[in-house]
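# Reading the structure
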Amino acid sequence: MRGTKKYPHVIDTPDQGKWELAGYEAALPITEKSNPITRELDKADAAQIVQLLRDCDAEIFQEDDEALVNYKRLYSESVLKTMVDIIAKVQEVLKEPDNTLIVLSGGGASGRMGFLMAVSFNILLKGLGQLPQYTYIIAGGDRSLVASLEGPEDNALLGIEDLNKVCEGKKKVIFFGISCGLSAPYVAGQLDFCMNNLDIYVPVLVGFNPVTMARTDKIEGFHSTFRQVAERMEKLQETHQAFILNPAVGPEGLTGSSRMKGGSATKILLETLLLTAHKTVSKDSEISEKCLLEILRTYERAHKVTYGQSKKIAALVKQAGTSTISASLRRSLQKKAYVYLVGWHTLGIIAIMDGAECIPTFGADINDVRGFLIGDRSEMFNREADLIAQGPKFAFSEEDFVKTILPSLTELDTVLFLFTVDDNLDEVEKLVVQVKERTSNVQALSHATVGQYLPASLKKLFPSIISIMWPILFLEYEGKFIQRFQRELSTKWILNTVSTGAHVLKGKILRNYMVDLRVSNSKLFWRAVSILQRFSGHPHAKCLEGLLQTIYDPEPLSDALRTAPVSKHIAVATDKSKVVPTALLCLLRSWSVPEARARLDAAPSLRAALDAALNAPGRKRGADKSEPDEQST
């Protein structure tokens, strides 16, 4: 879809399709629906995987279509107007920096994205000779930035406690609570607290479902559901005391994996909004839709430039998933050797994010895909000393990589370097040379502006380089910041595609579902029940029973366990592997949990085991197309 005369598109966006229709998977919110584009993702080859995920990412930029369900989209008038209204509130804080603060908060991937943006905008302020005005909060604290700790996301009271700590003594706070599915209890608690203290706080909810699709199940230890919190915000938005920024960007390419499109859309929305606020304050100019659209279009261009490298991205995905000749990423994933993503400056943050997010998404081990940050990290973290004290599991720095990872590298390991031509290339070259003494499997993703080139001495060290060339931006104030943001988003898109593609080709995905997810918080617990219902065709109650039997095995499932709080089930399930595929085999074939586990272990891949069970003689066809009932959302 090319767009209207008012909003001409930089890229071709997919035509409006099945998911926008009123009856499509009606019991599920948009962020939990399956995307029709990727319905056969598990059958795709590397080139097809890149194309499918490219098309899903392009849906971020679609406009609303009145012939279909009238969801608000990124370019909808109401979304742009809400952005303008929020910018006016941000301007007030930027103009009065004493005792004011802008907070970005979330759990898991959303919290990490908040961290990245807080770092970026404090860098912007530092470059202008101003003191930091941004901070971040992530459920579980700084440890959650570098490792997956999903459980704290369920604690609304902890969210309030953490917010109080960072805002102590502040007279005015703009609070951005990021929850892609309008579902995280941690964020719900913080938003509720803000609404109870409107003399100090301006709460902003950022997500990608309509309020009518916000989560409705009871939050343990808290008085409201997420939907009740969101509905209260809607009323306050009428008087500009609170705001909800929630355009629909479509279902994820990998069902429910909000680290992908949800994370990208969060970055696009908030960077556009905040950069416009800084620009208009600096230039003492009016906030205009035109300014917003100019910046949003640069992200569309980033999509076009990034996926212009689709052939090279597909080659890296293929190496990640199928190479048996060399020690590739897939051999690393299969044989318990490792994949290291080594990035300079904020690209290192993107690397850390991608590695940490593979754990809950694919049931990966912490070392399967791991990111490291090279360069100055002073003033980035809230409590870096506490993070370092946690030990090697939370290692993330250049020193950690050189002292602990480099000496242990083997020929099976793969290292992907992420940098720009503006970085210290002598430093890059030195580290690549050191790594090549241990493994020949080195790859590079580099960013340059037209007219910049990599030195030959560095270029020859890599058998393959994805080299992305960016056009010069003629935007006087925001150009250099947008260029950094574009490079970060481009790197995110590529790493998400490679890590997802590797796991698809490894057989960890069924259709377009992450069936081997780690059951580590309430959202993932109910998503697991939904997946079991979809593929087994059994009712919600039987799927819940099957999941609990798998979680507690070998302990018999008593009535006391059945009626225990969800938090208890999660505490047991978090450290268990292959919970969902094991439960699915039990439901499909009436096997015991030990027998199902044995079948999984004996199969060439997880998908092969599940496909065999789904296609077993005597089983009703089409059960895997059944739709979860409303309880499972």
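Residues numbered from 1 in each chain as written. Predicted model: local features only at pLDDT ≥ 70, side-chain atom pairs only at ≥ 80, totals over all residues. Heavy atoms only, no water.

Bringing the overall build of the chain into the picture now. Broken down by element type, the chain carries 24 helices and ten strands. Counting over 633 residues, the chain shows a buried share of 62%. Here the contacts in the chain between residues at least 6 apart in sequence split such that 74% fall between residues at least 24 apart. Entry remark: accessible area of the chain is about 24,000 Å², with carbon and sulfur atoms responsible for 51%. (Helix = DSSP H or I, 4+ residues; strand = E, 2+ residues; numbered from the N terminus. Buried < 20%, exposed > 50% of the residue type's maximum accessible area, 1.4 Å probe, protein only. Contact = heavy atoms within 4.5 Å. Areas by Shrake-Rupley, 256 points an atom, 1.4 Å probe, with all protein chains shown as cover.)

Another point: the state of the cysteines. All chains considered together, the criterion is met by zero disulfides. Between Cys167, a free cysteine, and Cys194, which holds the nearest cysteine sulfur, the sulfur-to-sulfur gap is 7.3 Å. (Disulfide = S-S within 2.5 Å.)

Turning our eyes to something else, we now look at the sheet that holds strand S7 (residues 369–374). Taken in spatial order, the five strands line up as S7-S6-S8-S9-S10 in an open sheet, and their pairing is parallel. Strands at the two margins of the open sheet, each flanked by one partner only, are S7 and strand S10 (465–470). Ignoring which end each strand starts from, the neighbouring axes of this sheet average 15° apart. Judged from the six bridges that link them, strand S6 (residues 339–344) and S7 form a sheet pairing that is parallel. Residue pairing across strands places Tyr340 opposite Arg370, the latter belonging to S7. Relative to the sheet, helix H12 (residues 346–362) contacts S6, S7, strand S8 (414–420) and strand S9 (442–449), its axis offset from that of S7 by approximately 160°. Packed on one face of the sheet, helix H17 (residues 479–505) meets S6, S8, S9 and S10 and runs near 150° to S9. (Pairing = 2+ DSSP bridges. Axes fitted to C-alpha atoms, helices over the stretch in contact; angles between N-to-C directions.)

Turning our attention to the packing of aromatic side chains. Going through the model one piece at a time under the given rule, you end up with 15 aromatic pairs. Members of the aromatic cluster, each reached through a chain of ring pairs, are Trp344, Phe417, Phe419 and Phe462. Over the ring of Tyr75 we find Arg297, and its NZ or CZ is 4.1 Å from the ring centre. (Phe/Tyr/Trp six-rings, centres within 6.5 Å; stacked < 30°, edge-to-face > 60°. Lys NZ or Arg CZ within 6 Å of the ring centre and 35° of its normal.)

Topologically, Glu153 is positioned in the loop between helix H4 (143–146) and helix H5 (156–167). Along the backbone, Glu153 and Ala139 are 14 residues apart, and their C-alpha atoms lie at a distance of 5.4 Å. In this view, Glu153 contacts Gly107, Gly108, Ala139, Ala184, Pro185, Tyr186, Asn521 and Lys523; residues no more than four positions away in its chain are not counted.

Overall, the predicted model of the chain reaches an average pLDDT of 88, with 89% of residues at or above 70. Predicted confidence for residues 1–5 stays below pLDDT 50, and this span has 18 contacts to residues more than four positions away or in other chains. A low-confidence stretch, residues 323–334 (pLDDT under 50), is modelled with 41 contacts involving residues beyond four sequence positions or located in other chains. (pLDDT = per-residue confidence, 0-100.)

Before going further, it helps to examine the pattern of salt bridges. Where charged atoms from two side chains of opposite charge approach closely, those side chains can pair. One pass over the structure, following the stated rule, counts 24 salt bridges. Residues Lys261 and Glu59 are paired through a salt bridge, measuring 2.7 Å at the closest nitrogen-oxygen approach. Here the residue Lys261 occupies a position in helix H8 (residues 261–283), and Glu59 occupies one in the loop between helix H1 (46–58) and helix H2 (77–95), the gap between them amounting to 202 residues. Here Lys261 and Glu59 have matching classes, each one buried. The salt bridge partner of Lys81 is Asp85, with a shortest N-O separation of 3.0 Å. Taken as a pair, Lys81 and Asp85 lie in helix H2 at a separation of four residues, close to a single helical turn. Given a relative accessible area of 47%, Lys81 falls into the partly exposed group. Within the structure, one salt-bridge network assembled from shared partners comprises Asp42, Arg511, Arg607 and Asp611. (Salt bridge = Lys/Arg side-chain N within 4 Å of Asp/Glu carboxyl O.)

Each strand in a sheet pairs with another by means of backbone hydrogen bonds, the pair being arranged parallel or else antiparallel. Here five strands make up an open sheet; going across it, the order is S2-S1-S3-S4-S5 and the pairing parallel. The sheet is open, and its two edges are formed by strand S2 (134–138) and strand S5 (243–245), each paired on a single side. Taking the axes of each pair of neighbouring strands and ignoring which way they run, one obtains an average angle of 20° across the sheet. One ladder, built from three bridges, connects strand S4 (residues 201–206) with S5; its direction is parallel. Bridging across to S5, Val204 finds its partner in Phe243. Where H2 meets the sheet, it contacts strand S1 (100–106), S2, strand S3 (172–178), S4 and S5, and its direction lies at approximately 125° from that of S5.

What follows is about unusual backbone geometry. Looking along the chain, the bond that leaves Asp553 and enters Pro554 is cis, with omega of 10°. Its place among the elements puts Pro554 in the loop between helix H19 (540–552) and helix H20 (559–562). Look at Arg511: it is not a glycine, yet its phi comes out positive at around 55°. You can see Arg511 is positioned in the loop between H17 and helix H18 (522–536). Here Arg511 falls in the buried class, since its relative accessible area comes to 19%. Phi is positive for Ser590, which is not a glycine, with a value near 60°. Looking at the element boundaries, Ser590 is found in the loop between helix H22 (579–589) and helix H23 (593–602).

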